[in-house]
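An overview of the molecular structure
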Amino acid sequence: MNNQQQMNIDFSQTTAEVCDKCGNDTFSEVFKMRSLSPLLSPTGEKGIIPINLFACAKCGHVNDTFLPKDDRDMKFTPKED
Ligand SMILES: [Zn+2]
């Protein structure tokens, strides 16, 4: 039993994530909201889905690397399957 294992991170081996826009290194929790068309919703009603993200605490910018992968795909490539 070693529950300490997952806390055993060497911070000298990590790099700071900074805001792509202003270089600030603190972030606050924000939500993106996605709405689901009633046509696609299992309940037949419009659904709202919150997506938890981290935005720069200074300028509010959200780095691309913090975006969910699906969100990035939606932004840059048309959805094909
Ligand atoms: Zn910023």
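An account of the accompanying structure is given in this report.

Conventions adopted
- Residues numbered from 1 in each chain as written.
- Predicted model: local features only at pLDDT ≥ 70, side-chain atom pairs only at ≥ 80, totals over all residues.
- Heavy atoms only, no water.
- Helix = DSSP H or I, 4+ residues; strand = E, 2+ residues; numbered from the N terminus.
- Buried < 20%, exposed > 50% of the residue type's maximum accessible area, 1.4 Å probe, protein only.
- Contact = heavy atoms within 4.5 Å.
- Donors = N, O, S within 2.8 Å, 3.2 Å for Na, K, Ca; no water.
- Tetrahedral: all angles 85-135°; square planar, octahedral: opposite > 155°, others 65-115°.
- Patch = residues over 30% accessible without salt bridge, like charges linked within 9 Å, V, L, I, M, F, W, Y side chains within 5 Å.
- Areas by Shrake-Rupley, 256 points an atom, 1.4 Å probe, with all protein chains shown as cover.
- Salt bridge = Lys/Arg side-chain N within 4 Å of Asp/Glu carboxyl O.

Topic: the overall build of the protein
The helix and strand inventory of the protein stands at one helix and two strands. For the protein, the α and β elements follow one another from N to C terminus as β-β-α. Classification of the 81 residues of the protein by burial places 14% in the buried group. A separation of at least 24 residues holds for 45% of the contacts in the protein among residues at least 6 apart in sequence.

Describing the coordination of the zinc ion
At the metal site, the zinc ion is ligated by C19 (SG), C22 (SG), C56 (SG) and C59 (SG), and these contacts range over 2.3 to 2.4 Å. For the zinc ion, the four donor atoms in the first shell make angles of 104 to 118° at the metal, so the coordination geometry reads as tetrahedral. C22 gets classed as partly exposed once you look at its relative accessible area, which sits at 38%.

Remarks on a nonpolar patch on the surface
Judged by side-chain polarity, F31, M33 and I48 come together as a nonpolar surface patch covering roughly 350 Å² of accessible area. Mapped onto the elements, M33 comes out in strand β1 (residues 27–36).

Observations regarding the environment of R34
As for its placement among the helices and strands, R34 is situated in strand β1. For R34, a relative accessible area of 33% corresponds to the partly exposed category.

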